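Here is what each chain is made of, one letter per residue.
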Amino acid sequence: QTAKTAGQLKQYLINKGYYNAVVHDTILYKKKRARVIYDLELYEPYLIRDIKYKFEDKNLEQYILPDSTSCLLKRGNNFDVDVLSAERERLEKLLKNNGFYNFSKEYVFYEADSSRHSHNIDVTLVIKKYRQFSEDNSFKEIPHPKYQIGKVSILTNYNPRQALSDAESYFAKLDTIIIDSISIVFDEHQNVKPGIVLSSDYVIPGEFYNIDNVNQTYRNLSSLQLFRLVTIDFIEEDGQENMPIRQLNCNIQLTPFILQSYTVELEGTNSSGNIGGGGNLIYQHRNLFRGAENFDIRFKGAIETLKESNSGNFGNMIELGTEATLNIPKFLL
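What counts and how
- Residues numbered from 1 in each chain as written.
- Predicted model: local features only at pLDDT ≥ 70, side-chain atom pairs only at ≥ 80, totals over all residues.
- Heavy atoms only, no water.
- Pairing = 2+ DSSP bridges.
- Helix = DSSP H or I, 4+ residues; strand = E, 2+ residues; numbered from the N terminus.
- Phe/Tyr/Trp six-rings, centres within 6.5 Å; stacked < 30°, edge-to-face > 60°.
- Buried < 20%, exposed > 50% of the residue type's maximum accessible area, 1.4 Å probe, protein only.
- Patch = residues over 30% accessible without salt bridge, like charges linked within 9 Å, V, L, I, M, F, W, Y side chains within 5 Å.
- Areas by Shrake-Rupley, 256 points an atom, 1.4 Å probe, with all protein chains shown as cover.
- Salt bridge = Lys/Arg side-chain N within 4 Å of Asp/Glu carboxyl O.
- Axes fitted to C-alpha atoms, helices over the stretch in contact; angles between N-to-C directions.
- Contact = heavy atoms within 4.5 Å.

Enquirer: For the pairing of strand S9 (residues 175–179), give the residues involved together with the corresponding values.
Expert: Of the pairings in the sheet, the one linking S9 to strand S10 (residues 182–186) comprises 5 bridges and is antiparallel in character. By the bridge assignment, Ile-178 is partnered in S10 with Ser-183. The hairpin turn running from S9 into S10, its antiparallel successor, is 2 residues long, and Asp-180 in that turn takes a positive phi close to 55 degrees.

What follows is the structure, given as structure tokens:
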């Protein structure tokens, strides 16, 4: 374990740019106890001298270069592997916010050259082309396609158990209404007003794919506290292999909680010899007016026996009460 820890410390220092670091471990024994001392010699770190870009896909220059001031790699900083990895993830998010649905950090490579400068590294970010699987079972490299949102459908009362057991019968009995080019799909029990889910949806037909909008839609729908499962799937339309701008259909499936529930709570107390007990009955409705309104009402009661100090007699203190709360969701911004 001591040697393994020393190896991990050395690897960490290498990741932080200290490629010549040396780690020594010393073990001091006293009776049946051991004290381990690690001595780290860092030496001079490798620093980033210059940063360049190389675009195998020229179409991505217009998105990455104007945002180069946000690059996490800075001249004069240590050649830090963790920062290199974070920059790949930043570029992935940047391009996914500009319509490049299939772009991933695997298309970002680094070329590091330290041959000409002692402890200084010239870093080149290489942006690779998109690898597309062809009909002849081979891969070909093409410019990264951009994706535009096509059809958007929201299934407001999705039952995964029924859909998996008998999909044809389940989807056949669903009804659809179209509002603002978005399909609202529901069964015979339309459990929530369409306007509520539409105000939570940021995936809009005709707009380019944007991962921030997808995440915002997740957060909005989850914050309604009406759905126990929110699933957002994207499906590419067929026959678009040679198109630079492709259509991406979005299916949002919402599995609701059980709308009504109740809870019983019991408690006992003993305060300075005064014995008592109480209970709460809590009723909750998660969708009172079909607008994701959360309604809670609590009935509480308690009784406690009180001993009078002078007479030694006992009396009872009874407490009864009720409390109601109605939360109405409204997105102001």
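From this point on, the discussion continues.
Enquirer: Break down the packing of aromatic side chains for me, with residues and values.
Expert: Tallied over the entire structure, the rule returns 11 aromatic pairs. Taking the centre distance of 6.5 Å and the plane angle of 35 degrees together, the rings of Tyr-19 and Phe-79 count as tilted. Linking Tyr-19 in the loop between helix H1 (2–15) and strand S1 (22–30) with Phe-79 in the loop between helix H2 (61–64) and helix H3 (81–96), this pair joins segments that are 60 residues apart in sequence. Classification of Tyr-19 as partly exposed rests on a relative accessible area of 33%.

Enquirer: Give a detailed account of a nonpolar patch on the surface, specifying residues and quantitative values.
Expert: Residues Tyr-262, Val-264, Leu-266, Leu-281 and Phe-299 make up a contiguous nonpolar surface patch of roughly 590 Å² in combined accessible area. Looking at the nonpolar patch element by element, the count peaks at 3 residues for strand S13 (residues 260–271). Assignment of secondary structure puts Val-264 in strand S13.

Enquirer: Summarise the sheet that holds S9; cite the residues concerned and give the values.
Expert: For sheets, the rule is that strands pair by backbone hydrogen bonds, running either parallel or antiparallel. If you walk across this open sheet you meet the 5 strands as S9-S10-S8-S12-S11, and the pairing is mixed. The open sheet has two edge strands, S9 and strand S11 (227–236), and neither has a second partner. Sheet twist, expressed as the mean angle between neighbouring strand axes with direction ignored, is 25 degrees. With respect to the sheet, helix H7 (residues 211–223) is in contact with S11 and strand S12 (245–256), its orientation differing from that of S11 by roughly 155 degrees.

Enquirer: Outline the environment of Leu-259, listing residues and values.
Expert: Secondary-structure assignment places Leu-259 in the loop between S12 and S13. Using a relative accessible area of 27% as the deciding quantity, one classes Leu-259 as partly exposed. Separated by 67 residues in the primary sequence, Leu-259 and Leu-326 place their C-alpha atoms 14 Å from one another. Residues in contact with Leu-259, not counting those within four places in the same chain, are Leu-226, Gln-284, His-285, Arg-286 and Asn-287.

Enquirer: Would you mind going over the sheet that holds strand S4 (residues 108–113) in detail, with residue names and values included?
Expert: Read across the sheet, 3 strands follow the order S3-S5-S4 without closing on themselves; strand pairing throughout is mixed. In this open sheet, the two edge strands, each paired with only one partner strand, are strand S3 (47–55) and S4. Taken over all neighbouring pairs, the strand axes of this sheet differ in orientation by 25 degrees on average, direction set aside. Of the strand pairs in this sheet, S4 and strand S5 (residues 120–127) are connected by 6 bridges, and their pairing is antiparallel. Counterpart to Asp-113 in the pairing with S5 is Asp-122. Contacting S4 and S5, H3 crosses the sheet at an angle of about 145 degrees to S4.

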